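Topology and contacts: notes
Listed here are the chains, written in short residue letters.
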Amino acid sequence: MPGLGTLINVACIIGGGLVGLVASSFVTKRLQDALMKSCGACVMFVGMAGALEKMLTASATADGSITLGSTGSMVLVGSMAVGAAIGEALDIDGRFEGLGTWLRDRTGSQGDSSFVDGFVTASLTVCIGAMAIVGSIQDGLTGDWSMLALKGVMDAIIVCAMTASMGRGCVFAALPAGVFQGLMTALATLLQPIITNAALANLSLVGSVLIFCVGVNLIWPHTFKPANMLPAVVIAAVAAYL
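Owing to the predicted nature of the structure, the values given are computational and were not obtained by experimental measurement.

With that settled, consider the overall build of the chain. Helix and strand content of the chain: 11 helices and two strands. Here the C-alpha atoms of the chain give a radius of gyration of 18 Å, agreeing with the 18 Å that 2.2 N^0.38 yields for 242 residues. In terms of its C-alpha atoms, the chain occupies a principal-axis envelope of roughly 60 × 40 × 40 Å. Here the chain, with 242 residues, has 45% of them falling under the buried criterion. Taking the contacts inside the chain whose residues are at least 6 apart along the sequence as the reference set, 75% of them involve residues at least 24 apart. For the chain, the accessible surface area stands at approximately 11,900 Å², while carbon and sulfur atoms represent 70% of it.

So this is what it looks like as structure tokens:
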């Protein structure tokens, strides 16, 4: 059934968040800080691994040795520069925070000072990346929900740790994840010919760098505005056709 993958992913996010929320009542402030930094380090390495996978190339020389090279640097720099400029002009980060504030007020969480940061950080973590797009397209075209189910397990673990350290705002990351992936699933037929291997590679490269930025923010808050960099993913995909 098309859309089942998104439902499983959303359920995993909510489940992981609820477990983290229960655990948070037994976690001291010191341990919350340690969890946040540990989670930030993990997210940073996930982002770095994804970026290096797309950038590094290996080739054999005449004498049989292996040399490493890099590719995609111009696409990365250009996409990030143009995307960040567009994001700043649109103030996507401010709109995300506005949505987080609205949810905080509607859920009676005004006393939770980290609600908005938790919502924005967790939302970006679970929404950015090739798995969300490719998995949603597979789900929409063939009903294959396996990739989104795997992503859901990973998201549950990450959101659980984030919720334990940043509070209930992280649980609501299920909303943008459900809307985004559901939209990708519904538009799968239109998106399939557009998302070529080259476009997907560019998207994965830039998306991985944004995930790295999210991880940095978990350790050093407000260093980056990853939401304002989101247009870079679209620019990177478009660059594959230039």
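The subject of this paragraph is the environment of Gly100. Positionally, Gly100 belongs in helix α4 (residues 92-106). Sequence separation of Gly100 and Phe115 is 15 residues, and the distance between their C-alpha atoms is 7.3 Å. With residues near it in sequence (within four places) discarded, Gly100 still touches Phe115, Val116 and Phe119.

Further remarks concern the state of the cysteines. By the definition in use, this model includes zero disulfides. In this model Cys160 remains outside any disulfide bridge; the closest cysteine sulfur is found in Cys39, 9.7 Å from its own. Unpaired in this structure, Cys170 has its nearest cysteine sulfur neighbour in Cys39, at a distance of 8.6 Å.

For the structure shown, the criterion picks out three salt bridges. Ionic pairing is found between Arg104 and Asp105, a salt bridge with its closest N-O pair at 3.5 Å. Assessed through its relative accessible area of 22%, Arg104 is described here as partly exposed.

Further remarks concern helix α7 (residues 146-166). Note on helix geometry: an α-helix contains 3.6 residues per turn, so any two residues three or four positions apart are oriented the same way. Helix length check: α7 (21 residues) gives 29 Å between terminal C-alpha atoms against 30 Å at 1.5 Å per residue, within 8%. Of the residues making up α7, those classed as buried are Leu148, Ala149, Lys151, Gly152, Asp155, Ala156, Val159, Met162, Thr163, Ala164, Ser165 and Met166. Packing partners of the buried residues in α7 comprise α1 (4-24), α2 (29-55), α5 (115-127), α6 (130-142), α8 (174-186) and α10 (197-219). One or two positions beyond α7, positive phi appears at Gly167, with a value near 100°.

Moving on: α1. Over its 21 residues, α1 runs 30 Å from end to end, which matches the ideal 30 Å to within 8%, given 1.5 Å per residue. Within the span of α1, buried status applies to Gly5, Thr6, Asn9, Val10, Ile13, Gly16, Gly17, Gly20 and Ser24. Taken end-on, α1 shows its buried residues confined to a sector of 135°, consistent with a single buried face. Structural note: α1 exposes Leu7, Val19 and Val22 on the side pointing more than 90 degrees away from its buried face. Contact partners of the buried residues in α1: α2, α5, α6, α7 and α8.

So, about the environment of Thr71. Within the fold, Thr71 resides in the loop between β2 (66-70) and α3 (73-90). Separated by 16 residues in the primary sequence, Thr71 and Met55 place their C-alpha atoms 4.9 Å from one another. Once residues lying within four places of it in the same chain are set aside, the contact partners of Thr71 are Lys54, Met55 and Thr57.

Buried residues are scarce in β2, accounting for zero of its five residues. For strand β1 (residues 56-60) and β2, the ladder comprises five bridges, and the chain directions are antiparallel. Within the sheet, the bridge partner assigned to Ala58 lies in β2 and is Leu68. Where β1 hands over to β2, the hairpin turn is made up of five residues, of which Gly64 adopts a positive phi near 90°.

A separate point is a nonpolar patch on the surface. There is a patch of nonpolar side chains on the surface, built from Phe45, Met48, Leu52 and Leu56 and spanning about 380 Å² of accessible area. For the nonpolar patch, the element with the most residues is α2, which contributes three residues. Mapped onto the elements of the fold, Leu52 is located in helix α2.

Moving on: the packing of α1 against α8. Axis separation between α1 and α8 bottoms out at 9 Å; the angle between their running directions is 170°. The pairing of α1 with α8 is recorded here as roughly antiparallel in orientation. Note on element contacts: α8 touches α1 through Ala174, Ala177, Gly178, Gln181, Gly182 and Thr185, opposite Thr6, Asn9, Val10, Ile13 and Ile14. Looking at the contact of α1 with α8 residue by residue, the classes come out as five nonpolar, six polar and no charged.

Calculation criteria
- Residues numbered from 1 in each chain as written.
- Predicted model: local features only at pLDDT ≥ 70, side-chain atom pairs only at ≥ 80, totals over all residues.
- Heavy atoms only, no water.
- Helix = DSSP H or I, 4+ residues; strand = E, 2+ residues; numbered from the N terminus.
- Rg over C-alpha atoms; globule rule 2.2 N^0.38 Å.
- Buried < 20%, exposed > 50% of the residue type's maximum accessible area, 1.4 Å probe, protein only.
- Contact = heavy atoms within 4.5 Å.
- Areas by Shrake-Rupley, 256 points an atom, 1.4 Å probe, with all protein chains shown as cover.
- Disulfide = S-S within 2.5 Å.
- Salt bridge = Lys/Arg side-chain N within 4 Å of Asp/Glu carboxyl O.
- Expected span 1.5 Å × (residues − 1).
- Arc of directions from axis to C-beta.
- Pairing = 2+ DSSP bridges.
- Patch = residues over 30% accessible without salt bridge, like charges linked within 9 Å, V, L, I, M, F, W, Y side chains within 5 Å.
- Axes fitted to C-alpha atoms, helices over the stretch in contact; angles between N-to-C directions.
- Parallel < 35°, antiparallel > 145°, perpendicular 65-115°, else oblique.
- Nonpolar A, V, L, I, M, F, W, Y, C, P; charged D, E, K, R; others polar.

Function-wise, these values are silent; they only describe arrangement.
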